[in-house]
Amino acid sequence: MLTPNSIWEKSLKSLETVVNVYCFQAWLENLTPVDIVDNKLVLSAPSKMAYAVISDNYLDKIRTAIQQQDLFVNDVDLICEEFQSDMNRIPKPTNVEVAVPEGVSLLPKYTFDSFVVGDSNKFVHAAARAVAEFPGVRYNPLFIYGGVGLGKTHIMHAIGNYIKQFNPNKRLVYTTSEKFTNEFISALIPSKNNTPNQYSNMQAFKENYRTADVLMIDDVQFFENKPSVQEELFHTFNELHNENRQIILTSDRMPKDIPSLEERLRTRFEWGIIADVQPPSIETKVAILQMKAEQERYVIPRDVFFLIAERVESNIREMESLLSRVSLYAKMLNQDITIELASESLKDYIDHKKVQMSADTIINATCKYFNITRDDIVSKKKTKEIVEPRQIAIFLILEFLSLPLASIGQIFGGRDHTTVIHARDKITNKQIDDAKLAVQLKDIRNMINGN
Ligand code: ADP
Ligand code: MG
């Protein structure tokens, strides 16, 4: 079984061979594996000192050790308990995303007031305002779609909070497609103690949703491939819509792009208005950061906002976590936040979307240089014309980007990290006395750098 403990124990064994024994005992052995989140092993440092030393010196080694154990877990996330408890004493540290139970109920902090409007979201904002003010009257359903972390859930909660405040008699039901599905499934299962529970459960389930004045369902893309749930949703939808009750849906895609969504449900999703949230411009990103900083009472110079905004492609949640990372780092060192400190604290951060793009740039340059196709380079083909360019591309990706080995393996058709290591070592050694290869590498580097 994949547990934080088992992965960490094995990682320690391999770290022991690469770290000097005193440092190993003083720092690494005292880390506690606490969780696995987003493919990262979360390690807790016992003190601020340990946190600082490990952050500055051992993260790369730890990451490599973890990658050798497991393909799924390929990175490390270092936390510090002492520091967390400090944070808790600071007034109102609503630490951005850490423990928000999404999909359970409306979050009071997601309001229209705390939503920054820019070109990327002004359309959805206007539609949401109209729906909040006149639920069930205009735009029914309101279908909000857009990429991860762009504010869909926030805007949906904002509508809910607005109605709750100005229209308190309306019965709001907020759910996620996941919760709806789980409830539906458990309503189907007869209870063990022989009461006529199956029926009454289903009855209760239906009643809950069909008596809503406003029904909000987050992330409806997860309804794909669930015909019986879709059928239930279809009837719920009709009943509510017939009575002019408001329906609000979010999704990461347009209805037409959700595979295996029943046609009749798809058309219904498209009955009202479809509003998309676009990735924010740099100005909007900075405005959002500024607002978050004020909420959290961080004192931050403006150029730091730009630094963070430029680091992240579009995901606002990601931006928020960089903001708290910068502030955490400053508190730990007991210094003011400056641009130097911010760059230092973000040096390990990788925006996976950006990295993905850069990996593409490297692959494209390599393919172009050798006149082969992208399909070939990521394929399983073992001919010499393909193998060496593939190894070169891998070598250069490692040189340019600090990308986990397993992710590189993924890009190259799901190979494992040993293949990646092999490719790197092969090219590293060969270039030493192979002048032709050295020139090729130089040319491709120039292409990547746009020279
Ligand atoms: P999604 O549901 O689209 O994945 P969320 O609604 O969860 O994204 O937003 C992610 C984070 O970004 C939340 O903390 C949210 O408050 C914040 N956020 C997104 N858009 C805005 C905005 N326009 N103004 C302020 N905060 C925003
Ligand atoms: Mg969401």
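What comes next concerns the included structure. Please read these numbers as outputs of a predicted model, since none were measured by experiment. (Residues numbered from 1 in each chain as written. Chains lettered and ligands numbered in written order. Predicted model: local features only at pLDDT ≥ 70, side-chain atom pairs only at ≥ 80, totals over all residues. Heavy atoms only, no water.)

## Things to note about the sheet that holds strand E6 (residues 214-218)
Phase 1 of the analysis: As summarised here, the arrangement of the 5 strands in space is E5-E6-E7-E4-E8, forming an open sheet in which the pairing is parallel. One side of each edge strand has no neighbouring strand; the edge strands of this open sheet are strand E5 (172-176) and strand E8 (273-277). With direction set aside, neighbouring strand axes in the sheet form an average angle of 15°.
Phase 2 of the analysis: Sitting on the sheet, helix H6 (residues 122-133) is in contact with strand E4 (142-146), strand E7 (246-251) and E8, with an inclination near 135° to E8. (Pairing = 2+ DSSP bridges. Helix = DSSP H or I, 4+ residues; strand = E, 2+ residues; numbered from the N terminus. Axes fitted to C-alpha atoms, helices over the stretch in contact; angles between N-to-C directions. Contact = heavy atoms within 4.5 Å.)

## Looking at empty space enclosed by the protein
Phase 1 of the analysis: The tally for this structure, following the rule as stated, stands at 2 cavities of 30 Å³ or more.
Phase 2 of the analysis: Of the voids in this model, the second largest cavity is the one considered here, and its volume is about 30 Å³. (1 Å grid on protein atoms, 1.4 Å probe; cavity = no way out; pocket = protein on both sides within 12 Å on 5 of 7 lines; lining within 4 Å. Points joined across faces, edges and corners; volume = space filled by probe spheres on them.)

## Description of the site of ligand 1
Phase 1 of the analysis: Near ligand 1 lie 19 residues; those nearest to it are Gly 149, Lys 152, Thr 153, His 154 and Arg 317.
Phase 2 of the analysis: Within the contact set of ligand 1, a nitrogen atom lies 2.8 Å away from a backbone nitrogen or oxygen of Val 116.
Phase 3 of the analysis: In the model, an oxygen atom of ligand 1 is placed 2.8 Å from a nitrogen or oxygen of the Thr 153 side chain.
Phase 4 of the analysis: Look at ligand 1: alone it shows 560 Å² of surface, and the protein chains cover 97% of it.
Phase 5 of the analysis: Looking at the shell around ligand 1, the elements that each hand over two or more residues are helix H7 (152-166), helix H12 (282-296) and helix H14 (316-333).
Phase 6 of the analysis: Along the lines of polarity and charge, the residues of the shell around ligand 1 split into 7 nonpolar, 7 polar and 5 charged.
Phase 7 of the analysis: Residues lining the shell around ligand 1 come from more than one domain, with at least three contributed by each of domain 2 (122-277) and domain 3 (282-345). (Near = heavy atom within 4 Å. Polar contact = N/O pair within 3.5 Å; in protein donor to acceptor, adjacent residues only side chain to side chain. Areas by Shrake-Rupley, 256 points an atom, 1.4 Å probe, with all protein chains shown as cover. Nonpolar A, V, L, I, M, F, W, Y, C, P; charged D, E, K, R; others polar. Domains from an automatic or database assignment.)

## Looking at the pairing of E4
Phase 1 of the analysis: Counting buried residues in E4 gives 5 out of 5 residues, a clear majority hidden from the surface.
Phase 2 of the analysis: Burial along E4 is two-sided: Leu 142, Ile 144 and Gly 146 and Phe 143 and Tyr 145, pointing in opposite directions, are all buried.
Phase 3 of the analysis: With 4 bridges connecting them, E4 and E7 associate as parallel partners. Paired with Tyr 145 across the bridge in E7 is Ser 251.
Phase 4 of the analysis: Where E4 and E8 come together, 5 bridges link them in parallel fashion. Paired with Gly 146 across the two strands is Val 277, which belongs to E8. (Buried < 20%, exposed > 50% of the residue type's maximum accessible area, 1.4 Å probe, protein only.)

## Some points on the environment of Trp 27
Phase 1 of the analysis: Structurally, Trp 27 can be placed in the loop between helix H2 (21-26) and strand E1 (32-37).
Phase 2 of the analysis: Distance from Trp 27 to Ile 54, taken between C-alpha atoms, is 7.1 Å for residues 27 residues apart in sequence.
Phase 3 of the analysis: Aside from chain neighbours lying at most four places away, what touches Trp 27 is Met 49, Ala 50, Val 53, Ile 54 and Tyr 58.

## Focus on unusual backbone geometry
Phase 1 of the analysis: Between Asn 140 and Pro 141 the backbone carries a cis peptide bond, its omega angle lying at 0°.
Phase 2 of the analysis: By secondary structure assignment, the location of Pro 141 is in the loop between H6 and E4.
Phase 3 of the analysis: Positive phi values are uncommon outside glycine, yet Asn 225 reaches one of about 65°.
Phase 4 of the analysis: Secondary-structure assignment places Asn 225 in the loop between E6 and helix H10 (227-242).

## A look at the pattern of salt bridges
Phase 1 of the analysis: In this structure the tally under the stated criterion is 24 salt bridges.
Phase 2 of the analysis: Across the pair Glu 232 and Lys 206 runs a salt bridge whose closest N-O atoms are separated by 4.0 Å. Residue Glu 232 is located in helix H10, and its partner Lys 206 is located in helix H9 (residues 197-210); the two are separated by 26 residues in the primary sequence.
Phase 3 of the analysis: Of the residues examined, Glu 232 reaches a relative accessible area of 5% and is grouped as buried.
Phase 4 of the analysis: Residue Lys 206 is classed as partly exposed on the basis of its relative accessible area of 29%.
Phase 5 of the analysis: What you see here is one network of salt bridges that share partners, running through Lys 206, Arg 210, Glu 232 and Glu 239. (Salt bridge = Lys/Arg side-chain N within 4 Å of Asp/Glu carboxyl O.)

## Examining the packing of aromatic side chains
Phase 1 of the analysis: Taken as a whole, this structure holds 11 aromatic pairs when the rule is applied.
Phase 2 of the analysis: Ring centres 5.9 Å apart and planes at 75° place the aromatic pair Phe 112 and Tyr 162 in the edge-to-face group. Here Tyr 162 lies in helix H7 and Phe 112 lies in the loop between helix H5 (81-89) and H6, a separation of 50 residues in the sequence.
Phase 3 of the analysis: What makes Phe 112 buried here is its relative accessible area of 9%.
Phase 4 of the analysis: Here the aromatic cluster, defined as three or more aromatic residues joined through ring pairs, consists of Phe 180, Phe 184, Phe 205, Tyr 209 and Phe 223.
Phase 5 of the analysis: Sitting over the face of the ring of Phe 112, Arg 129 holds its NZ or CZ atom 4.9 Å from the ring centroid.
Phase 6 of the analysis: Sitting over the face of the ring of Phe 234, Arg 264 holds its NZ or CZ atom 3.9 Å from the ring centroid. (Phe/Tyr/Trp six-rings, centres within 6.5 Å; stacked < 30°, edge-to-face > 60°. Lys NZ or Arg CZ within 6 Å of the ring centre and 35° of its normal.)

## A word on the sheet that holds strand E3 (residues 75-80)
Phase 1 of the analysis: An order of E1-E2-E3 is seen for the 3 strands of this open sheet, with the pairing classed as mixed. The outermost strands of the open sheet, each flanked by one partner alone, are E1 and E3. Sheet twist, expressed as the mean angle between neighbouring strand axes with direction ignored, is 30°.
Phase 2 of the analysis: Strand contacts of helix H1 (residues 4-16): E1 and strand E2 (40-45), with the helix running at about 120° to E1, the strand carrying the most contacts.
Phase 3 of the analysis: Relative to E3, helix H3 (residues 48-57) is tilted by about 155°, and along the sheet it contacts E2 and E3.

## Side note on a nonpolar patch on the surface
Phase 1 of the analysis: A cluster of nonpolar residues, Ile 185, Leu 188 and Ile 189, forms a patch on the protein surface that exposes about 250 Å² of accessible area.
Phase 2 of the analysis: Among the secondary structure elements, Ile 185 is positioned in helix H8 (residues 177-188).
Phase 3 of the analysis: Judged by its relative accessible area of 40%, Ile 185 falls in the partly exposed class. (Patch = residues over 30% accessible without salt bridge, like charges linked within 9 Å, V, L, I, M, F, W, Y side chains within 5 Å.)

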